[in-house]
Amino acid sequence: MIKLILTDIDGVWTDGGMYYDQTGNEWKKFNTYDSAGVLFAHQNNIPVGIITGEDTNIVKRRAEKLKVDFLYQNAKDKLSIAKTLCTDLGITLEEVAYIGDDLGDIELLDAAGIAACPYSAPSSTKKHVDFITEKKGGEGAFREFVETILESL
């Protein structure tokens, strides 16, 4: 039984691109389909957490808008963060579902009860997951991940 859903952002909720303008502003494009993934998880009383290596107001604003339960930015060791969160919640890593897409996600993908990556993830990441979404990062991969988990409950 999954009791916590965790996700990376860049390459999962976005296409992995980072856009900068000449004044130094950073831009990310989010797909609104993924917001339904948070809604569906919450409807099933499953909290959602974001663990990302980036540290931007863009992600903070998105997490606040969607009422994401936990946000960890500038994460250097995602597995350690997940372990601490599990301890705080009184659950195990086996009760965690995680979706990530690249090298910084592999340890947590290997430890999670259910692990997935978007279709667009590198092949080196795909070796570490239980399933690969049909969607690419930034095209609703997080929503598909949540729907797949909920269908299995």
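The structure under discussion appears in the preceding block.
Residues numbered from 1 in each chain as written. Predicted model: local features only at pLDDT ≥ 70, side-chain atom pairs only at ≥ 80, totals over all residues. Heavy atoms only, no water.

Side note on the environment of lysine 127
Spelled out, the test is: Starting at the N terminus, helices and strands are each numbered in turn, a helix being any DSSP run of H or I of at least four residues and a strand any DSSP run of E of at least two.
Checked against the element boundaries, lysine 127 lands in the loop between helix 5 (123-126) and strand 8 (131-132). For the pair lysine 127 and leucine 109, spaced 18 residues apart in the sequence, the C-alpha separation amounts to 9.9 Å.

Concerning the nonpolar core
Basically, it comes down to this: For the purposes of this section, nonpolar cores are sets of buried Ala, Val, Leu, Ile, Met, Phe, Trp, Tyr and Cys residues that join through side-chain atoms within 4.5 Å. A simple rule labels every residue: compare its accessible area, found with a 1.4 Å probe on the protein chains alone, to the largest value its type can have, and call it buried under 20%, exposed over 50%, or partly exposed in between. Any two residues having at least one pair of non-hydrogen atoms within 4.5 Å are treated as being in contact.
Judged by nonpolar contacts, the single largest core of 24 residues is most densely connected at Ile5, Trp13, Val68, Phe142 and Phe145. Among the secondary structure elements, those contributing two or more residues to this core are helix 1 (33-43), strand 4 (48-51), helix 2 (57-66), strand 6 (96-99) and helix 6 (141-152). When residues in this core are grouped by element, the largest group, five residues, is from helix 6. If near-sequence neighbours (up to four positions away) are discounted, phenylalanine 145 is found in contact with Ile5, Leu6, Ala97, Tyr98, Ile99, Ile114, Ala116, Phe131 and Thr133.

Points about the environment of proline 118
Mapped onto the elements, proline 118 comes out in the loop between strand 7 (114-117) and helix 5. Look at proline 118 and you get buried, because its relative accessible area is 0%. Expressed as a C-alpha distance, the spacing of proline 118 and glutamate 95, which sit 23 residues apart in the sequence, is 20 Å. What proline 118 contacts, discounting residues up to four positions off in sequence, is Gly11, Val12, Ile99, Gly100, Asp101, Lys126, Ile132, Thr133, Lys135, Lys136, Gly137 and Ala141.

Here we look at the layout of surface pockets
By rolling a water-sized probe across the atoms, one finds the places where empty space is left. Just so we agree on the cut-off: Using a 1 Å grid laid over the protein atoms alone, points where a 1.4 Å probe fits but cannot get out form a cavity; open sets with protein on both sides within 12 Å along at least 5 of 7 lines form a pocket; any residue with an atom within 4 Å of a point counts as lining. Grid points are joined across faces, edges and corners, and a volume is the space filled by probe spheres set on the points. Under the grouping applied here, Gly and all other residues not named as nonpolar or charged are polar, the nonpolar ones being Ala, Val, Leu, Ile, Met, Phe, Trp, Tyr, Cys and Pro and the charged ones Asp, Glu, Lys and Arg.
Considering only enclosed or pocket space, the largest pocket measures out at about 150 Å³ in volume. In terms of lining residues, the largest pocket is bounded by Glu26, Trp27, Lys28, Phe30, Ile58, Arg61 and Arg62. For the lining of the largest pocket, the leading source of residues is helix 2, giving three residues. A per-class count over the lining of the largest pocket returns three nonpolar, no polar and four charged.

Re the packing of aromatic side chains
Under the convention used in this document: Pairing of aromatic side chains here covers Phe, Tyr and the six-membered ring of Trp, requires ring centres within 6.5 Å, and sorts the geometry by plane angle: under 30 degrees stacked, over 60 edge-to-face, intermediate tilted.
This structure, assessed with the given rule, holds three aromatic pairs. Here the aromatic rings of tryptophan 13 and phenylalanine 142 are separated by 4.9 Å at their centres, their planes lie at 40°, and the arrangement is tilted. Of this pair, tryptophan 13 sits in the loop between strand 1 (4-7) and strand 2 (19-20) while phenylalanine 142 sits in helix 6, and the two are 129 residues apart along the sequence. Accessibility classification places tryptophan 13 together with phenylalanine 142 in one group, the buried group. Between the aromatic rings of phenylalanine 142 and phenylalanine 145, the centroid separation amounts to 6.4 Å while the plane-to-plane angle is 50°, which identifies the pairing as tilted. In this pair, phenylalanine 142 and phenylalanine 145 are both assigned in helix 6, three residues apart and thus about one turn of the helix distant.

Overview of the pairing of strand 6
Under the convention used in this document: Whether two strands pair depends on DSSP finding at least two bridges between them. Looking down the strands as they point away from you, a crossover is right-handed if its path from the first strand over the helix to the second goes clockwise.
Of the two faces of strand 6, the one holding Val96 and Tyr98 and the one holding Ala97 and Ile99 are both buried throughout. In the sheet, strand 1 pairs with strand 6 via four bridges, with the strands oriented parallel. Across the sheet, the residue bridging to threonine 7 is isoleucine 99, located in strand 6. The pairing of strand 6 with strand 7 spans three bridges and is parallel. By the bridge assignment for strand 7, tyrosine 98 is matched with alanine 115. Crossover connection from strand 6 via helix 4 (residues 106-111) to parallel strand 7: handedness right-handed.

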